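Observations on the three-dimensional arrangement
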Amino acid sequence: MVARETTQKKPHVAVLASPGVGHVTPLLELAKRLVVDHGFQVTFLAISTDAPPAQIQLLNSSTLLPDLHVIHLPHVDVSNLLTASTGVSVRIVLVVRQTLSYLPSVLTNMQPHIQSLIVDPFCLGALEYAAAFSIPTYLFLTTSASFTALTMYFPTLHAQVDGDYSKIAEKVVVPGCNPLLLDDLIPGVLMPEVLPLCNRIPLVKGVFINTWEELEPVTLGAVRKNPFFLGLPAPPVYPIGPMTKGNEDEPLTSTLESKKMLTWLDKQPPDSVVYVSFGSGGTLSGEQMSELAWGLELSQTRFVWVARPPSEVSASGSFFEAGYDAEGAASYLPDGFLDRTRERGLVISSWAPQVAVLSHGSVAGFVTHCGWNSVLESIAQGVRMIAWPLYAEQSMNARMLVDMGVAVWPKPAGDRAVVGRGEVERVVRSVMEGEQGKAMRQKVIELQGTGLKALGLGGSSNASLAGLADAWRAGGSP
Ligand code: UDP
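Residues numbered from 1 in each chain as written. Predicted model: local features only at pLDDT ≥ 70, side-chain atom pairs only at ≥ 80, totals over all residues. Heavy atoms only, no water.

Re the packing of helix α1 (residues 21-36) against helix α2 (residues 53-60)
- Two elements in contact, α1 and α2, have axes separated by 9 Å at closest approach and are oriented at 15°. Taken together, the axes of α1 and α2 lie roughly parallel to each other. Between α1 and α2 the crossing geometry is left-handed. Residues V21, V24, T25 and L28 of α1 form the contact with α2, whose participating residues are A54, Q55, L58 and L59. (Axes fitted to C-alpha atoms, helices over the stretch in contact; angles between N-to-C directions. Helix = DSSP H or I, 4+ residues; strand = E, 2+ residues; numbered from the N terminus. Parallel < 35°, antiparallel > 145°, perpendicular 65-115°, else oblique. Left-handed = near helix turned anticlockwise from the far one by under 90°. Contact = heavy atoms within 4.5 Å.)

As structure tokens, this is what we get:
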């Protein structure tokens, strides 16, 4: 990012993110770009309730800029609305809904008045509040163009099947896009709770997407030109990615575990280590953790693993705890695993400085849950992947990565529920060694290059954001 000199009064925009590191990270990156590259003043509105420790540290990080101000919105108590079975998405929806009631007073007091509000999908309820102040709202869909297309198509699909998704055949054909497998979308994507958010999309002034023209040209072309999308009251889309955090923005780098991990990586040969992590919230069952451990051991490959305690009830069990110190991993990994792999592996139980790890010269592969931030961080560091989707739209992302030739996706054998150790061993070896690994490396480095180009001066994402910033500076929107 290049600091931009300006003598004009700085335009002021606000950014509002829902709780979760995966939500805050890309919106914070966008905020920084507006400040540093475009000379804006940005107020970042953070929802603190249920924010995991890593998010709090991300926002408190010393790298924040003078023209970037963080306001923590008041805490709300939703505990009386939660039950043992309340999922992550519903919990976020409840927290956001209650917190938004504070927005009018925050908007009233914000000086100078903001020109635009940028929100993530969970915060689309802010639209009505912003409209009352005549503030245009923009949506930052922090995922892929494919997911954006599906989101725009979802109300039509819902109406076609009267809300009964079991009526959908094997595939969902979003006009102009590759067919999406129903298995990838249920559960986690096709949910009635998502519908009110999708219905609000036509009301925003524009949709930012964390992708770039060269990564998803066909889908972006379809969203802009396919007759179906042209027939919708859909706002313009602005691919502005890859918006990923930099090494210097890592939260929790100073914990003992992070330091231990980076020191350990320093001692490993180049391109020899596979990094295993399931995002801020991903958890595996006890049986699956055991099989994964055995597979890593059998593969004889060096590894670093963020091994959170298993959960039998939820694949996103640590979403709100990300960054807390967990109990020692020895208690939930196979007996003797840590001793037998001591020379080749390192297990931590809480939080890794992910970008620092992925950018380390010893790391060549990433076993990832395919959260979109993790995917982009892996591509941005030229690291090939083993796709291990757990929830939300991660299976869609996994399939896209496999189609692009930068990931393999291990599958359970027959009707087993878990991926067995033999399959883990096979995929780790194929990604880290041999011809398949080489081809994937070459492909991911190509994508890394296109991403860098898109963000550079004259690049597609850079131009997309610059066009919008110029329009805002001139006092309007394109
Ligand atoms: N992350 C990290 N260390 C960890 C786990 C996650 O730094 O041990 C960061 C990761 O770099 C990414 C974010 O948390 O920026 C997770 O976002 P993603 O979209 O991949 O998944 P989510 O956690 O939202 O499912």
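Continuing now.
Thoughts on the environment of A417
- Within the secondary structure layout, A417 lies in the loop between β15 (407-408) and α17 (421-432).
- Taking the relative accessible area as the measure of exposure, A417 reaches 77% and is therefore exposed.
- The spacing of A417 and G206 is 211 residues in sequence and 41 Å in space, taken between C-alpha atoms. (Buried < 20%, exposed > 50% of the residue type's maximum accessible area, 1.4 Å probe, protein only.)

Comments concerning the sheet that holds strand β14 (residues 384-387)
- One open sheet holds the six strands; their spatial order is β12-β11-β10-β13-β14-β15, and the pairing between them is parallel. Either end of the sheet is taken by a strand with one partner, and the two such strands are β12 (345-348) and β15.
- The pairing of strand β10 (residues 273-277) with strand β13 (residues 363-368) spans five bridges and is classified as parallel. The residue bridging V273 from the neighbouring strand is V363, located in β13. (Pairing = 2+ DSSP bridges.)

Re the site of the ligand
- Surrounding the ligand, one finds 19 residues, the nearest of these being S280, A352, N373, S374 and E377.
- In the model, an oxygen atom of the ligand is placed 2.4 Å from a nitrogen or oxygen of the S280 side chain.
- N373 has a polar side-chain atom sitting 2.8 Å from an oxygen atom of the ligand.
- Considering the ligand on its own, with 530 Å² of exposed area, one finds that the protein chains cover 96% of that surface. (Near = heavy atom within 4 Å. Polar contact = N/O pair within 3.5 Å; in protein donor to acceptor, adjacent residues only side chain to side chain. Areas by Shrake-Rupley, 256 points an atom, 1.4 Å probe, with all protein chains shown as cover.)

Considerations on helix α11 (residues 256-266)
- Inspection of α11 places S258, M261, W264 and L265 among the buried residues, and these make up the whole buried set. Seen along its axis, α11 keeps its buried residues to an arc of 130°; they face one direction. Relative to its buried face, α11 has exposed residues pointing more than 90 degrees away, namely L256 and D266.
- Lining the buried residues of α11 we find β10, β11 (302-306), β12, α14 (354-358) and β13. (Arc of directions from axis to C-beta.)

Quick look at the pairing of β14
- Residues R384 and I386 line one face of β14 and the alternating positions M385 and A387 line the opposite face, and both faces are buried.
- Pairing analysis gives four bridges linking β13 to β14, with the strands arranged parallel. Directly across from T368, in β14, lies its bridge partner A387.
- Handedness of the crossover joining β13 and β14 through helix α15 (residues 372-380) is recorded here as right-handed.
- The pairing of β14 with β15 spans two bridges and is classified as parallel. Residue pairing in the sheet places I386 in a bridge with V408 of β15.
- For the crossover from β14 across helix α16 (residues 394-404) to β15, the handedness is right-handed. (Right-handed = clockwise from strand over helix to strand, strands pointing away.)

Purely spatial values, then, with no claim about function.
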